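# Coordinate inspection notes
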Amino acid sequence: MTVEQNEYVATLPMLLTEVEVLEVERVSPSFVRVVLGGGALAELGPDGPVYDQRIKLIFPNAAGSLPSFAGADESWWTTWIEIPEHERGSMRTYTIRDVVGEGTETRLVVDIVVHESDPADGHGDALDGAGNRWALQAAPGQRLVTLAPRKGHEFGGIEWSPGAASRLLLVGDETAVPAIRGVLRDLPADATGAAFVEIPVDADAQDFVAPAGVTVTWLPRNGGARGEELHAAVLAHLTGTVPTEAVVVSDDEIDPDLWETPVHSSSGEEVAAETAVPTGDAPYAGLYAWIAGESKVVTGLRRKLVNDLGLDRRQVAFMGYWREGVSMRS
Ligand SMILES: Cc1cc2nc3c(=O)[nH]c(=O)nc-3n(C[C@H](O)[C@H](O)[C@H](O)COP(=O)(O)OP(=O)(O)OC[C@H]3O[C@@H](n4cnc5c(N)ncnc54)[C@H](O)[C@@H]3O)c2cc1C
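Here the structure is a predicted model, which is why all the values come from computation and not from measurement. (Residues numbered from 1 in each chain as written. Predicted model: local features only at pLDDT ≥ 70, side-chain atom pairs only at ≥ 80, totals over all residues. Heavy atoms only, no water.)

Domains assigned within the protein are domain 1 (14–149) and domain 2 (167–322). Taking only C-alpha atoms, the centre of domain 1 and the centre of domain 2 are 26 Å apart. Contact with domain 1, which involves 15 residues of that partner, is made by 18 residues of domain 2. When the two sides are added together, the surface that domain 1 and domain 2 hide from each other amounts to roughly 1400 Å², 53% of it contributed by carbon and sulfur. (Domains from an automatic or database assignment. Contact = heavy atoms within 4.5 Å. Buried area = accessible area lost by both parts, 1.4 Å probe.)

Following this line, the structure appears as structure tokens:
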């Protein structure tokens, strides 16, 4: 199928372009998979493995219109953010699940987590989320804007950086499923480690292709508390002992922009130039851990792993992908 060429003009070192929805599938209770196409995707990066490559999607405004980025230059962000919020559409962060095909037939595949609004949460419809709302009504023929890596240009947005680690730990909730899947798919065949993935219900488990030496454990909440089993499973994996108490994190301990990786600190901690996995007798020598999901859950894991177990911040990436009760709007 040839998708109508759009207004994309290659003046930027990344793709900032309209794409057309070609396929939509509710693959399980909590995931809507969308396949996006458009002539400009012929230039879709990254140049190497995709791993946890993040992108942005801009969803249409309430009137169904998308902003135009025709001829946009480096000032596109300032221009866009100055448009009143109800007009400019809504930007959210997602992960490339797959890049399929090539040339102008290249397809960008994204898995969007959907959650029905909970009348008990006290937020009302206003916080249902633009991405969530869009995914629940998505249909072929609709259009979005994507901000994504362009071949041959630096874009950033891949956090996976295990350096010389000899064992790997991946931990995440449903929003991190595409990223964990991508990392496992792109790892060398002799990689060793473990992945723990929390999902809303059993039926949300997916088939992952992973190296034989990496175990994948699915942890469906099935109505249970967010993060509880995940914490227990990760701590049992690291210490050999199942914790007897749940980690308690108060709301004011949570950074809604939580992003503590070896090379970036949202709280302003000192960072190194690169990942440096401790060797020798250091606690957890050789381990690299990548942890993403709801910020409160990730904060609790960080406290345990760094403060209590003594993992070095240069061997762990903790990423708040979203925050319960907070809209991630730009
Ligand atoms: C690097 C990165 C990669 C990401 N990759 C993906 C991805 O591939 N797929 C994906 O689905 N998400 C992904 N996310 C998370 C996604 O950006 C957030 O969930 C975002 O809040 C969704 O926007 P929204 O418009 O639906 O909700 P928002 O407007 O941000 O929030 C509205 C309300 O919905 C709640 N909410 C948001 N997300 C969820 C959720 N998952 N479950 C329950 N309630 C929620 C919020 O707490 C808030 O109360 C990623 C985030 C980052 C930072």
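With their axes 11 Å apart at the nearest point, helix α5 (residues 228–239) and helix α6 (residues 295–308) run at an angle of 25 degrees to one another. Here α6 runs roughly parallel to α5, going by the angle between their axes. The handedness of the crossing between α5 and α6 is right-handed. Touching L230, H231, V234, L235 and L238 of α5 are V297, G300, L301, K304 and L305, all from α6. Class assignment for the residues of the contact of α5 with α6 results in 7 nonpolar, 2 polar and 1 charged. (Axes fitted to C-alpha atoms, helices over the stretch in contact; angles between N-to-C directions. Helix = DSSP H or I, 4+ residues; strand = E, 2+ residues; numbered from the N terminus. Parallel < 35°, antiparallel > 145°, perpendicular 65-115°, else oblique. Left-handed = near helix turned anticlockwise from the far one by under 90°. Nonpolar A, V, L, I, M, F, W, Y, C, P; charged D, E, K, R; others polar.)

With that settled, consider the layout of surface pockets. Once rolled over the atoms, a probe with the size of a water molecule shows which space is left empty. As a volume, the second largest pocket reaches approximately 490 Å³. Lining the second largest pocket are 25 residues; nearest its centre among them are P60, N61, S90, A130 and R133. Those elements that provide at least two residues to the lining of the second largest pocket are α2 (85–88), β4 (90–95) and α3 (130–137). At 4 residues, the largest contribution of residues to the lining of the second largest pocket is made by α3. (1 Å grid on protein atoms, 1.4 Å probe; cavity = no way out; pocket = protein on both sides within 12 Å on 5 of 7 lines; lining within 4 Å. Points joined across faces, edges and corners; volume = space filled by probe spheres on them.)

The next subject is the side chain of R92. Relative to the helices and strands, R92 resides in strand β4. Buried charged residue R92 carries no salt bridge. Nearest counter-charge: E85, at 6.4 Å. Reaching out from R92, the side chain makes a polar contact with the side chain of S327 at a distance of 3.3 Å. (Buried < 20%, exposed > 50% of the residue type's maximum accessible area, 1.4 Å probe, protein only. Lys, Arg positive; Asp, Glu negative; His and termini not counted. Salt bridge = Lys/Arg side-chain N within 4 Å of Asp/Glu carboxyl O. Polar contact = N/O pair within 3.5 Å; in protein donor to acceptor, adjacent residues only side chain to side chain.)

To continue, consider unusual backbone geometry. In this chain, G45 is followed by P46 through a cis amide linkage whose omega measures 0 degrees. Mapping P46 onto the fold places it in the loop between β2 (31–37) and β3 (54–59). The backbone of N222 sits at a positive phi, close to 45 degrees, despite the residue not being glycine. With respect to the helices and strands, N222 occurs in the loop between β10 (213–220) and α5. Look at N222 and you get partly exposed, because its relative accessible area is 42%. The backbone phi angle of Y284 is positive, close to 60 degrees, even though this residue is not glycine. With respect to the helices, strands and loops of the structure, Y284 is situated in the loop between β12 (264–265) and β13 (287–294).

Moving on, we get to the packing of aromatic side chains. One pass over the structure, following the stated rule, counts 9 aromatic pairs. A ring pair is formed by W77 and W80, whose centres lie 5.5 Å apart and whose planes are at 45 degrees; its orientation type is tilted. Remark: W80 and W77 occur in helix α1 (residues 76–81); sequence separation between them is 3 residues, near one turn of the helix. Accessibility expressed as a relative area gives 35% for W77, which makes it partly exposed. Relative to Y321, the ring of W290 lies with its centre 6.3 Å away and its plane at 85 degrees, an arrangement referred to as edge-to-face. In this pair, W290 is assigned in strand β13 and Y321 in strand β14 (residues 316–322), connecting sequence segments 31 residues apart. (Phe/Tyr/Trp six-rings, centres within 6.5 Å; stacked < 30°, edge-to-face > 60°.)

Core analysis: the largest hydrophobic core is formed by 26 residues, its most contacted members being W160, L170, I180, L184, L187, Y288 and W290. Every element with two or more residues in this core is listed here: β8 (167–172), α4 (177–186), β9 (192–199), β13 and β14. Ranked by residue count, the leading element in this core is α4, at 5 residues. Each of domain 1 (14–149) and domain 2 (167–322) accounts for three or more of the residues forming this core. Contact partners of W290, with chain neighbours within four places excluded, come to D52, E159, W160, L169, L170, V171, A176, A179, I180, A317, M319 and Y321. (Core = buried A, V, L, I, M, F, W, Y, C linked by side-chain atoms within 4.5 Å.)

Now for the pairing of strand β6 (residues 107–113). Among the 7 residues of β6, 7 are classified as buried, and the element is accordingly described as predominantly covered. One ladder, built from 7 bridges, connects β2 with β6; its direction is antiparallel. Its bridge partner lying in β6, G37 is registered against R107. Where strand β5 (residues 98–100) meets β6, 3 bridges bridge the pair, whose relative direction is antiparallel. Directly across from V100, in β6, lies its bridge partner R107. The antiparallel pairing of β5 with β6 creates a hairpin that spans 6 residues between the two strands, and G101 there sits at a positive phi of about 80 degrees. (Pairing = 2+ DSSP bridges.)

Judged by pairing direction, the sheet is mixed, and its 7 strands sit side by side in the order β10-β9-β8-β13-β14-β11-β12 without closing on themselves. Among the strands making up the open sheet, the edge pair consists of β10 and β12. As defined by bridge partners, β8 adjoins β13 across 6 bridges and the pair is classed as parallel. Bridge assignment links L170 to a residue of β13, and that residue is W290.

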